Amino acid sequence: VTEPEKSFVQTPNLKFRLVDIAHARSGDKGDWVDFGLFAWDAAGYAVLARVVTAEAVRQHFAPWLASPSSGAPALDVTVWPLPNLLAFKIVIKNALQGGAASNLRQDNLGKAMAGALLRMPISLTDAERSAVRAHE
Amino acid sequence: VTAYARNPLKHFSNTALTLRVMQALESNQPPTHPRDSVTLAAGLGFYGDSWQPALAALERGHAQYGRPHYVCSDHLAELTLAILQKDRAKDSALGYARDVLPMLLALWPKMQEIGCKFICNAGGLNPQAAGRAVQAALAKKGFHPAIAVVTGDDVLSPISTLLAPDSIRSDLVFANVYLGAKPIVDALAKGADIVITGRVADAALFLAPLVFEFAWSLEQARDSQALNRLAQGITVGHLLECSGQGSGGNFGCRADWRDIPDLAHIGYPMAVVKADGEAIITKAQGTGGRVNFDTLRQQLLYEVHDPSAYITPDVVLDMTSLKLEDLGDDQVRVTGATGRAAPAQLKVLGGYSDGFKAELTWGFSWPDAWDKTQVAIEMIRTQLLERHIPHEQLFIEYPGLNAAHGALAPLPDAAELNERNEIYVRMVLKTRSKSAADAFGRLFPWIALSGPAYTCGFSGLHHASELFGVWTALVDRHQVTPLVKVEML
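An account of the accompanying structure is given in this report. (Residues numbered from 1 in each chain as written. Chains lettered and ligands numbered in written order. Predicted model: local features only at pLDDT ≥ 70, side-chain atom pairs only at ≥ 80, totals over all residues. Heavy atoms only, no water.)

1. Focus: the overall build of chain B
A tally of helices and strands in chain B yields 17 helices and 19 strands. At 25 Å, chain B has a C-alpha radius of gyration in line with the 23 Å of a compact globule built from 489 residues. In terms of principal-axis extent, the alpha carbons of chain B reach across some 75 × 50 × 45 Å. Buried residues in chain B amount to 60% of all 489 residues. (Helix = DSSP H or I, 4+ residues; strand = E, 2+ residues; numbered from the N terminus. Rg over C-alpha atoms; globule rule 2.2 N^0.38 Å. Buried < 20%, exposed > 50% of the residue type's maximum accessible area, 1.4 Å probe, protein only.)

Dropping the structure here:
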């Protein structure tokens with residue numbers, strides 16, 4: 001029996017995921033994957049502002065996009081806040097194996113990578129949990 | 001009226017005013033839109049998209065805002081030109097997005113009837129050929145619209161040879177500058193009913209008719225009012241350029257996407273824009289999909305990188321001041337875009353040949369499906385090694401298990417995977433050698449009889465396909481401008 005490669009790290013103290021409080025879209029621009037991440041409401045935006053740092057996003061994607069087998073250099077993540085839209089713009093460079101027309105993944109355009117972002121484990125305080133619109 | 005419809009009066013179609021007069025005559029009814037606004041409808045979002053929703057916009061219009069004055073259609077993703085280059089290499093009369101022909105055959109009768117114009121970048125690498133093909137196809141049906149063709153974006157030989165690094169220069173298959181709205185505005189001013197370009201900034205396809213209709217300053221825009229209007233126009237274009245993504249398609253979230261009605265009959269977004277740039281985004285009446293704060297936000301931030309400086313050839317858009325007001329009933333008001341002066345340099349996007357890939361997806365079924373895939377992979381690896389087949393990488397993923405999210409998708413352990421009904425493995429060979437890529441599929445068939453049991457299907461022996469790398473550079477505007485031509489066919 002050959003065990004599948006286990007690079008997903010369970011984090012039991014982080015009981016929630018971004019999908020519980022946010023929605024997202026992703027796409028390709030050259031070798032960059034480009035995300036819009038959106039809170040459903042102002043309370044959710046406040047949580048995103050706390051948990052969605054460039055470092056947190058880098059750590060979340062590193063087991064996949066920065067693993068030696070991916071052939072990609074170190075992840076370069078930028079996060080821009082957009083309070084006027086209750087949103088964050090996130091760009092990860094070197095994420096698409098050189099770009100859509102050289103990316104060997106089935107999802108060569110990175111359209112499904114927004115779902116991978118929404119998997120990101122997060123913590124919510126009790127106060128935040130009661131304030132944020134439930135998307136659980 | 002019938003005579004006008006069959007035989008458009010070209011000498012009358014030179015101004016927006018006569019267009020509106022003709023429109024009123026030809027549609028047998030006064031325009032239902034206010035005279036101080038222009039209605040744009042989204043065409044395709046990529047080469048291969050459906051034009052049925054664009055047809056629905058023309059036929060149904062909007063109860064409050066009427067029918068579109070322009071359909072603007074984006075046929076070119078970043079590397080579509082790599083596909084078109086292959087077409088042109090086979091036949092010098094090709095090299096354009098060929099779906100523009102059946103699309104216009106379906107749309108133009110209605111567009112002519114209501115006086116709607118068409119702007120697209122389907123010209124790809126050969127706008128001239130696209131224009132002539134459209135002209136011939138419509139002429140066969142008795143239509144003779146005024147067609148303009150914009151060229152000058154193709155800089156493969158004149159500029160890329162100077163700018164491209166040695167390592168890729170000889171492998172470049174295309175290099176095109178993103179042009180702005182100016183040549184399209186010029187084409188409309190010459191009386192074009194249909195404008196066909198090659199590479200232009202996607203949103204410029206939508207900005208151009210607004211600049212033309214409202215006589216906005218474009219290259220002379222300096223003051224904040226003029227720049228902010230252009231920024232509004234680019235915002236509108238960006239919201240419409242990806243067709244259904246601006247009206248509830250590809251709406252990414254958990255659960256709530258199910259509330260978007262009738263995606264099978266989605267209406268692509270339409271924009272009703274006033275002379276000061278304020279816009280309402282909506283869609284045709286009776287269509288599916290949804291235009292609201294959430295669906296529009298997802299499109300607004302799609303592929304824009306730094307939202308405080310979305311650089312286009314015509315204006316640098318700052319979205320941090322933008323306001324989207326959900327008015328309900330599939331209407332969102334867009335205000336507050338801030339513009340800064342257009343950049344002195346334009347972006348060049350090139351594609352270079354970067355080796356080949358060949359891929360094959362193979363399935364094994366219960367019992368022990370997972371372990372069987374592992375043995376089959378080893379059989380392929382062994383052959384690659386023993387036959388000295390040159391390759392850079394054998395990429396492996398498991399569709400249905402982890403292809404979408406890689407290592408972020410938690411995999412069950414082997415015991416559970418072995419209980420699965422079937423496991424599919426996708427193997428992709430990356431190689432510089434075309435013959436190695438061509439030969440990859442031939443490593444597989446014997447596995448059916450000599451490998452693990454209960455093979456349950458495979459994807460066919462794929463031919464090799466070429467991989468392309470993306471090369472971008474900046475070029476001074478004044479180097480490009482003299483090359484740009486607008487020609488009436």
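2. With respect to the overall build of chain A
Looking only at helices and strands, chain A features 4 helices and 6 strands. In sequence order, chain A lays out its α and β elements as β-β-β-α-α-β-β-α-β-α. Taking all 136 residues of chain A together, the buried fraction comes to 53%. In the structure as shown, chain A presents an accessible area of about 5,600 Å², 55% of it carried by carbon and sulfur atoms. (Areas by Shrake-Rupley, 256 points an atom, 1.4 Å probe, with all protein chains shown as cover.)

3. Description of helix α9 (residues 182-189) of chain B
All names here are of chain B. Within α9, the full set of buried residues consists of Pro183, Ile184, Val185, Ala187 and Leu188. Close packing links the buried residues of α9 with β2 (70-73), β3 (117-120), β4 (147-151), β6 (194-196), α10 (204-214) and β19 (485-488). Directly after α9, the chain includes Gly191, whose backbone phi takes a positive value near 95°. (Contact = heavy atoms within 4.5 Å.)

4. Here's the deal with the nonpolar core
With 78 residues, the main nonpolar core has Leu301(B) and Trp471(B) as its most contacted residues. Setting aside residues up to four positions removed in sequence, Leu301(B) forms contacts with Asp34(A), Gly36(A), Phe38(A), Leu82(A), Leu85(A), Ala87(A), Phe88(A), Lys89(A) and Met319(B). (Core = buried A, V, L, I, M, F, W, Y, C linked by side-chain atoms within 4.5 Å.)

5. Here we look at the packing of aromatic side chains
Residue and element names in this part refer to chain B. In the structure shown here, the tally under the stated rule is 9 aromatic pairs over all chains. On the numbers, 6.0 Å between centres and 25° between planes, the contact of Trp362 with Phe444 is stacked. Of this pair, Trp362 sits in strand β14 (residues 345-365) while Phe444 sits in the loop between α15 (434-440) and α16 (447-450), and the two are 82 residues apart along the sequence. Its relative accessible area of 0% is what places Phe444 among the buried residues. Measuring from centroid to centroid gives 5.1 Å for Phe440 and Phe444, while their planes differ by 80°, and the two rings are edge-to-face. The buried category is assigned to Phe440, whose relative accessible area is 1%. Clustering of aromatic rings is evident, with ring pairs tying together Trp362, Phe364, Phe440, Phe444 and Phe458. (Phe/Tyr/Trp six-rings, centres within 6.5 Å; stacked < 30°, edge-to-face > 60°.)

6. As for the interface of chain B and chain A
Taken together, the contacts link 56 residues of chain B with 54 residues of chain A. Across the chain B/chain A interface, buried area totals approximately 4,800 Å², and carbon plus sulfur atoms make up 56% of it. If you sort the residues of chain B by the area they bury against chain A, Arg254(B), His305(B) and Leu408(B) come out on top, with a joint share of 17%. Scanning the region where chain B abuts chain A turns up 1 salt bridge. Put simply, Asp20(A) and Arg254(B) hold a salt bridge, and the shortest N to O gap is 2.6 Å. The interface formed by chain B and chain A contains 30 residue pairs in polar contact (both at pLDDT 80 or more). Residue assignment for the side of chain B that touches chain A shows that the elements contributing at least two residues are α12 (293-300), β14, α13 (369-386), β15 (393-397), α14 (414-419), β16 (422-431) and β18 (465-476) of chain B. The element contributing the most residues to the side of chain B that touches chain A is α12(B), with 6 residues. Per-class residue counts for the side of chain B that touches chain A are 28 nonpolar, 14 polar and 14 charged. (Buried area = accessible area lost by both parts, 1.4 Å probe. Salt bridge = Lys/Arg side-chain N within 4 Å of Asp/Glu carboxyl O. Polar contact = N/O pair within 3.5 Å; in protein donor to acceptor, adjacent residues only side chain to side chain. Nonpolar A, V, L, I, M, F, W, Y, C, P; charged D, E, K, R; others polar.)

7. Comments concerning the side chain of Asp41(A)
Residue and element names in this part refer to chain A. Along the chain, Asp41 turns up in the loop between β3 (32-39) and α1 (42-51). Here the side chain of Asp41 touches Gly44 through a polar contact of 2.7 Å, landing on its backbone nitrogen. Excluding its chain neighbours within four sequence positions, the residues that come into contact with Asp41 are Leu86, Ala131, Val132 and Arg133.

8. With respect to the pattern of salt bridges
All names here are of chain B. According to the stated counting rule, one finds 25 salt bridges over all chains in the structure shown. Of the charged contacts, one joins Lys274 and Glu278 as a salt bridge, the two residues approaching to 3.9 Å between their closest N and O atoms. Of the residues examined, Glu278 reaches a relative accessible area of 22% and is grouped as partly exposed. When salt bridges with common partners are traced through the structure, they connect Lys274, Glu278, Glu325 and Arg333 into a single cluster.

9. Let's talk about the packing of helix α3 (residues 52-60) of chain B against helix α5 (residues 100-114) of chain B
Residues and elements named next belong to chain B. Where α3 meets α5, the closest approach of the two axes is 10 Å, and the angle between their N-to-C directions is 25°. Taken together, the axes of α3 and α5 lie roughly parallel to each other. Viewed along their axes, α3 and α5 form a crossing whose handedness is left-handed. Side by side, α3 and α5 meet where Ala54, Leu55, Leu58 and Glu59 of the first sit next to Ala106, Leu107, Lys110, Met111 and Ile114 of the second. Residues that form the contact of α3 with α5 fall into these classes: 7 nonpolar, no polar and 2 charged. (Axes fitted to C-alpha atoms, helices over the stretch in contact; angles between N-to-C directions. Parallel < 35°, antiparallel > 145°, perpendicular 65-115°, else oblique. Left-handed = near helix turned anticlockwise from the far one by under 90°.)

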